[in-house]
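A closer look at the structure
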Amino acid sequence: MSGKNDLTQGSVGKNLVLFALPYLLSSFMQTFYGMADLFVVGLYNGSETTTAVSVGSQVMHMLTVIIIGFVMGTTVWIGQCVGAKDEKTAAKTAGTSALFFSVFAVAVTALLLLCTAPIVKVMLTPQEAVEETRLYLLICFAGIPLITAYNVISGIFRGAGDSRRPMYFVAAACVTNIALDFVFIGACGMGAAGAALGTVCGQAVSVAVSLVVIRRQNLGFVVRREDFRLDREVTGRILKAGTPIAMQDGLIQIAFIVITVIANSRGLIMAAAVGIVEKLIGFMFLVPSAFLSAISTVTAQNMGAGKADRARRSLYYSLAVTVGWGLCCALYSQFLPHTLVGIFTRDGEVLAAGCDYLRAYAYDCVFAAVHFCFSGYFCGDQKSMVSFVHNITAILLIRIPGAWLASRLFPESLYPMGWAAPLGSLLSAVICIGFYLYYIKISKFRQSQAGRRK
């Protein structure tokens, strides 16, 4: 097993940061070219097309994070095998994943193509934008196999300890997508369909590049023809690790949609303010999101190598970096929120409402940093169900009911509603810390029992 991408040796902090940085840059590029679609559409088209792309991209984002959640099972198990120096099982996991997710992607694509019209209706799409939204989703749904292929190949690389090459794959998609946006939307006048086609073509280029690279790159194990089969045990392991994450991320996206609907019911000013702040928070969350993904792989490799202490130290480093970042974001948002909200609007009412919302919501950057890091750690230690439990608890008990109640009790201000997210994250953080201390106690008890037997 090659030591090039071995995260079980050397400085814990250095390994973690160097592994997380490509994740961060990849997330930034994905966010950037997602916004580029809306920007180019806005240059050449009216509000109907912009709405179509906005609604359609929200649906696609939810589907993408669910796919990434399932694929995380592959990343974790390959990381475990790499840490344990088990090349045979690592290769079997990669081959099984490729075959399983190919079947998965075809089935999901067929289902989504049949359900496009109902999905457009459920999203309460304005009548003027219905047809363009339908076309956008039809084209994007046809590209689901490409999204799945990219994420599976990237998951294999990351499990093997290489987060740089998936960043290059995203860069290829980003450049292609933005260039084709101007061709399809600007020169050809294809509107929302052009935005969707540019996205799918970018994904195709990304997959093509990743296939070329994975054939030439030494992952530390060799995937042979006989590894491409549906091994029931391996498939079960992948789904056991990935399903709770996929469900968790899907429910989080649904919660965001529900909160958006609540904001929309309060009028145009409130809806615009909430939309702007959600974009800003999305950027602030790029750092903890990158560390969540990085720590899952670092923890998986070290747990596989029997180095639980290194895994815990990677958790502590992640907490220090992400909580520090969150504090900076929260403090800046208290004193200078207008410099952030003002980037997206010049409307005085929207600016004032957005600043109120951001002042409260920004504290989520601190509390979410805590449960993001613990979620990554639990995932890498094959305890991803903990992440599902704390997220669904926070969503059902605080995030959604808190946002709804605040909107009813304080209809003139978004500040109280902004506290729903950070209070939900605070509950998640407390649950995570409780589980972590419980598992540490169990581990020490088992060690003491083993010592007595000796």
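In the block above lies the structure referred to throughout.
Structure report, in brief. (Residues numbered from 1 in each chain as written. Predicted model: local features only at pLDDT ≥ 70, side-chain atom pairs only at ≥ 80, totals over all residues. Heavy atoms only, no water.)

Topic: the overall build of the protein chain
Quick reminder of the rule: Helix numbering and strand numbering both begin at the N terminus, where a helix is a DSSP run of H or I of at least 4 residues and a strand a DSSP run of E of at least 2. For the radius of gyration, the atom set is restricted to C-alpha positions; the globular benchmark scales as 2.2 Å times the number of residues to the power 0.38. Note on exposure labels: buried denotes an accessible area under 20% of the residue type's maximum, exposed denotes more than 50%, and partly exposed covers the range between, all computed with a 1.4 Å probe on protein chains only.
Counting its secondary structure elements, the protein chain contains 18 helices and zero strands. Relative to the 2.2 N^0.38 estimate, which gives 22 Å for 454 residues, the radius of gyration of the protein chain is 22 Å and therefore close to what a compact globule would have. Its C-alpha atoms give the protein chain principal-axis dimensions of about 70 × 45 × 35 Å. Every one of the 454 residues in the protein chain was classed for burial, and the buried ones make up 52%.

Concerning a nonpolar patch on the surface
Inclusion rule: What makes a patch is a set of residues exposed beyond 30% relative accessible area and free of salt bridges, joined within 9 Å when like-charged and within 5 Å when nonpolar (Val, Leu, Ile, Met, Phe, Trp, Tyr). Residue exposure ignores everything except the shown protein chains as possible cover, and the areas themselves are Shrake-Rupley values with a 1.4 Å probe. When a carboxyl oxygen of Asp or Glu is within 4 Å of a side-chain nitrogen of Lys or Arg, the pair counts as a salt bridge.
A grouping of Leu327, Leu331, Tyr332, Phe335 and Leu336 is seen on the molecular surface, where their side chains present a nonpolar patch of about 520 Å² in accessible area. Along the chain, Tyr332 turns up in helix H12 (residues 308–335).

Structural notes on the environment of Ile400
Heads up, the condition is: Here, residues are in contact when the closest pair of their heavy atoms is within 4.5 Å.
Here Ile400 shows up in helix H16 (residues 384–409). With 38 residues separating them in the primary sequence, Ile400 and Tyr438 have C-alpha atoms 28 Å apart. In contact with Ile400, not counting residues within four places along its chain, are Ala255, Val258, Ile262 and Ile395.

Details of the environment of Gln253
Positionally, Gln253 belongs in helix H9 (residues 232–264). The buried category is assigned to Gln253, whose relative accessible area is 14%. Along the sequence, Gln253 and Ile66 sit 187 residues apart, while their C-alpha atoms lie 9.3 Å from each other.

Looking at the packing of helix H1 (residues 12–44) against helix H11 (residues 286–304)
Applied cut-off: The axes are straight lines fitted to the C-alpha atoms, using for helices just the contacting stretch, and the angles between their N-to-C directions are given from 0 to 180°. Orientation labels follow simple angle bins: below 35 degrees gives roughly parallel, above 145 gives roughly antiparallel, 65 to 115 gives roughly perpendicular, and whatever is left gives oblique. Left-handed describes a crossing whose near helix is turned anticlockwise from the far helix by less than a right angle; the clockwise case is right-handed. In this classification, Asp, Glu, Lys and Arg are treated as charged, Ala, Val, Leu, Ile, Met, Phe, Trp, Tyr, Cys and Pro as nonpolar, and every other residue, Gly included, as polar.
Contact pair H1 / H11: the axes reach a minimum separation of 8 Å and the direction vectors enclose 135 degrees. It follows from the interaxial angle that H1 and H11 lie oblique. Crossing handedness for the pair H1 and H11: right-handed. Every residue of H11 that contacts H1 at Leu16, Phe19, Ala20, Tyr23, Leu24, Ser27, Phe28 and Thr31 is listed here: Leu286, Val287, Ala290, Phe291, Ser293, Ala294, Ile295, Thr297 and Val298. Looking at the contact of H1 with H11, its residues break down into 13 nonpolar, four polar and no charged.

So, helix H6 (residues 144–159)
Stated precisely, the cut-off is as follows: A helix is expected to span 1.5 Å for every residue after the first.
Taking 1.5 Å of rise per residue, 16 residues should cover 22 Å, and H6 covers 22 Å from first to last C-alpha, within 8% of that figure. Where burial is concerned, most of H6 is hidden: 13 out of the 16 residues are buried. Looking at the residues trailing H6, positive phi occurs at Gly161, about 100 degrees.

A few points about the pattern of salt bridges
With the rule as written, the count across this model stands at nine salt bridges. For the salt bridge of Arg359 with Asp356, the shortest nitrogen-to-oxygen distance reads 3.5 Å. Placement of the pair is Arg359 and Asp356 together in helix H14 (residues 348–361), with a separation of three residues, close to one helical turn. The residue Lys383 makes a salt bridge to Asp381 at a minimum N-O spacing of 2.6 Å. The exposure class of Lys383 is partly exposed, given its relative accessible area of 22%. By relative accessible area, which is 17% here, Asp381 ends up buried. One connected set of salt bridges, linked through shared partners, spans Lys92, Arg229 and Asp231.

A few points about the nonpolar core
Buried together is how nonpolar side chains tend to be arranged in soluble globular proteins. This is how it is decided: In plain words, nonpolar cores are sets of buried Ala, Val, Leu, Ile, Met, Phe, Trp, Tyr and Cys residues tied together by side-chain atoms within 4.5 Å.
Counting 47 residues, the largest nonpolar core has Met60, Tyr136 and Phe221 as the members making the most contacts within it. Element by element, the count of residues in this core is highest for helix H2 (residues 47–83), at 11 residues. Grouped together as the second largest cluster of nonpolar side chains are 32 residues, Ile262, Ala353, Cys365 and Met417 included.

A few points about the state of the cysteines
Working definition: the covalent bond between the sulfur atoms of two cysteines is a disulfide. Threshold: Disulfide: a pair of cysteine sulfur atoms within 2.5 Å of each other.
Tallied over the entire structure, the rule returns zero disulfides. Here Cys355 stays unpaired: no disulfide links it, and the sulfur of Cys365, its closest cysteine neighbor, is 15 Å away. Judged by its relative accessible area of 7%, Cys355 is buried.

Notes on the side chain of Ser333
Tracing the sequence through the fold places Ser333 in helix H12. Among the residues examined, Ser333 registers a relative accessible area of 0% and is labelled buried. With sequence-adjacent residues up to four places away left out, Ser333 is seen in contact with Met284, Leu340, Leu358, Arg359 and Ala362.

As for helix H7 (residues 164–187)
So the rule is basically this: In this scheme, the bend at a residue equals the angle between the axes fitted to the seven residues that finish there and the seven that begin there.
The end-to-end C-alpha distance of H7 is 34 Å, a good match for the 34 Å that 24 residues give at a rise of 1.5 Å each. At Leu180, H7 shows its maximal bend, which comes to roughly 25 degrees.

Quick word on the environment of Cys432
Looking at the secondary structure, you find Cys432 in helix H18 (residues 420–453). The sequence separation of Cys432 and Leu114 amounts to 318 residues, and the corresponding C-alpha distance is 40 Å. Apart from residues lying up to four places away in sequence, Cys432 is in contact with His371, Phe374, Phe378 and His390.

Quick word on unusual backbone geometry
We note that Lys85 has phi near 60 degrees; this positive angle belongs to a residue other than glycine. Looking at the element boundaries, Lys85 is found in the loop between H2 and helix H3 (87–114).

Observations concerning the side chain of Glu278
Applied cut-off: Residues scored as charged are limited to Lys and Arg (positive) and Asp and Glu (negative), so that His and the chain ends carry no count. Polar contacts, as used here, are pairs of N or O atoms within 3.5 Å; protein pairs need one atom able to donate a hydrogen and one able to accept it. Residues neighboring in sequence count only if both atoms are side-chain atoms.
By secondary structure assignment, the location of Glu278 is in helix H10 (residues 268–284). Buried and without a salt bridge, Glu278 has Arg399 as its closest oppositely charged side chain, separated by 7.8 Å. Looking at Glu278, its side chain comes within polar contact range of the side chain of Tyr361, at 3.4 Å.

Digging into the packing of aromatic side chains
As a reminder of what qualifies: By convention, a stacked pair of Phe, Tyr or Trp rings (six-membered ring in the case of Trp) has centres within 6.5 Å and planes under 30 degrees apart, an edge-to-face pair has planes over 60 apart, and any other such pair is tilted.
Across all of its chains, the model carries 19 aromatic pairs by this definition. An angle of 70 degrees between the planes, with centres 5.7 Å apart, marks the rings of Phe19 and Tyr23 as edge-to-face. Taken together, the residues Phe19 and Tyr23, both in helix H1 and four residues apart, mark about one turn of the helix. Ring geometry for Phe285 versus Phe372: centroids 5.5 Å apart, planes at 75 degrees, classification edge-to-face. Here Phe372 lies in helix H15 (residues 364–380) and Phe285 lies in the loop between H10 and H11, a separation of 87 residues in the sequence. Residue Phe285 is classed as buried on the basis of its relative accessible area of 13%. Put simply, the rings of Tyr316, Phe374, Tyr377, Phe378, Phe435, Tyr436, Tyr438 and Tyr439 pair up and form one aromatic cluster.

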